[in-house]
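Spelled out, the chains give:
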Amino acid sequence: MKTLLVPIMVCCGALFPLTQVQAAGPANKTFGGLAVGKTFTLKVKSRISTATTFTGQKTVPVPVGIPDYKQGEKITFKIGTKGELTAKDGLSLPYKSSAARSVDYYKLGTLSNPQGDSGLILKNSKGKPDTMNLLFGKLVTSGLNVTTYSVNYQLE
């Protein structure tokens, strides 16, 4: 019995720090240097919304199902518990990866959006979000007609 007591105590001692880390929860977690729950606001500098068909490409209003941010509008973003980028209009882009001064977000493609949606945050020298690019897509078919929508936002 005495010989088992020491290994059991060592195992419990090893597990104790892990339970403390888990109890701390996601509030201490960061994704690309951005903490869970962090909010920041950027202003829409440009918006390009296009539709491409077999006859060519033209500028169109933002289609339904894609966030419709106006040029000059200030958008508040938040980092979710899994690192996702969230904002109004139901925007939620999953965290993908990061580098020293950038954070990438990407939502896998679907049948109605084969290219997927993506976001890229560029951070300043202090690690704060400085500029952002958001790209959304949508594919609409009607009979033999196929229209691919693309909406690109540049924010600062």
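Report follows, based on the coordinates. Nothing here was measured: the structure is a model prediction, and the numbers come from that model.

Oppositely charged side chains can pair when the atoms bearing their charge come close. Counted according to the given criterion, the structure contains three salt bridges. In this structure, Arg47 and Asp68 form a salt bridge, with 2.4 Å as the shortest nitrogen-oxygen distance. In this pair, Arg47 is assigned in strand S3 (residues 39–53) and Asp68 in the loop between strand S4 (56–59) and strand S5 (74–79), connecting sequence segments 21 residues apart. Residue classification places Arg47 among the partly exposed positions, given a relative accessible area of 30%. Ionic pairing is found between Lys88 and Glu73, a salt bridge with its closest N-O pair at 2.4 Å. One end of the pair, Lys88, is in the loop between strand S6 (85–86) and strand S7 (92–93); the other, Glu73, is in the loop between S4 and S5, and 15 residues separate them in sequence. Classification of Lys88 by relative accessible area gives partly exposed; the value is 43%. Bridged by salt links that share partners, the residues Arg47, Asp68 and Lys70 form one connected network.

A few words now on the nonpolar core. Counting 23 residues, the largest nonpolar core has Phe77, Leu85, Met132, Leu134, Tyr153 and Leu155 as its most contacted members. Of all the secondary structure elements, the ones that give two or more residues to this core are S3, S5, strand S9 (102–107), strand S11 (129–142) and strand S12 (145–155). Sequence-distant contacts of Phe77, defined by excluding residues within four places in its chain, comprise Lys38, Thr39, Phe40, Leu42, Leu85, Thr86, Ala87, Leu91, Met132, Leu134 and Leu155.

The next thing to look at is the packing of aromatic side chains. Following the criterion strictly, the structure yields five aromatic pairs and no others. Their ring planes at 50 degrees and their centres at 5.3 Å tell us that Tyr69 and Tyr153 sit as a pair that is tilted. Of this pair, Tyr69 sits in the loop between S4 and S5 while Tyr153 sits in strand S12, placing them 84 residues apart in sequence. The burial state of Tyr69 is the same as that of Tyr153; both residues are buried.

Attention now goes to the side chain of Ser102. Inspection of the secondary structure puts Ser102 in strand S9. On the basis of relative accessibility, which here comes to 14%, the residue Ser102 falls in the buried class. Not counting the four nearest positions on each side in its chain, Ser102 is found in contact with Leu120, Ile121, Leu122 and Lys123.

Right, let's talk about the layout of surface pockets for a bit. Roughly 220 Å³ of volume is contained in the largest pocket. Forming the walls of the largest pocket are 18 residues, and the residues nearest its centre are Gly65, Lys107, Asn113, Asp117 and Phe136. Looking at the lining of the largest pocket, the elements that each hand over two or more residues are S7 and S11. For the lining of the largest pocket, the element with the most residues is S11, which contributes three residues. A per-class count over the lining of the largest pocket returns seven nonpolar, seven polar and four charged.

Parameters and conventions
- Residues numbered from 1 in each chain as written.
- Predicted model: local features only at pLDDT ≥ 70, side-chain atom pairs only at ≥ 80, totals over all residues.
- Heavy atoms only, no water.
- Salt bridge = Lys/Arg side-chain N within 4 Å of Asp/Glu carboxyl O.
- Helix = DSSP H or I, 4+ residues; strand = E, 2+ residues; numbered from the N terminus.
- Buried < 20%, exposed > 50% of the residue type's maximum accessible area, 1.4 Å probe, protein only.
- Core = buried A, V, L, I, M, F, W, Y, C linked by side-chain atoms within 4.5 Å.
- Contact = heavy atoms within 4.5 Å.
- Phe/Tyr/Trp six-rings, centres within 6.5 Å; stacked < 30°, edge-to-face > 60°.
- 1 Å grid on protein atoms, 1.4 Å probe; cavity = no way out; pocket = protein on both sides within 12 Å on 5 of 7 lines; lining within 4 Å.
- Points joined across faces, edges and corners; volume = space filled by probe spheres on them.
- Nonpolar A, V, L, I, M, F, W, Y, C, P; charged D, E, K, R; others polar.

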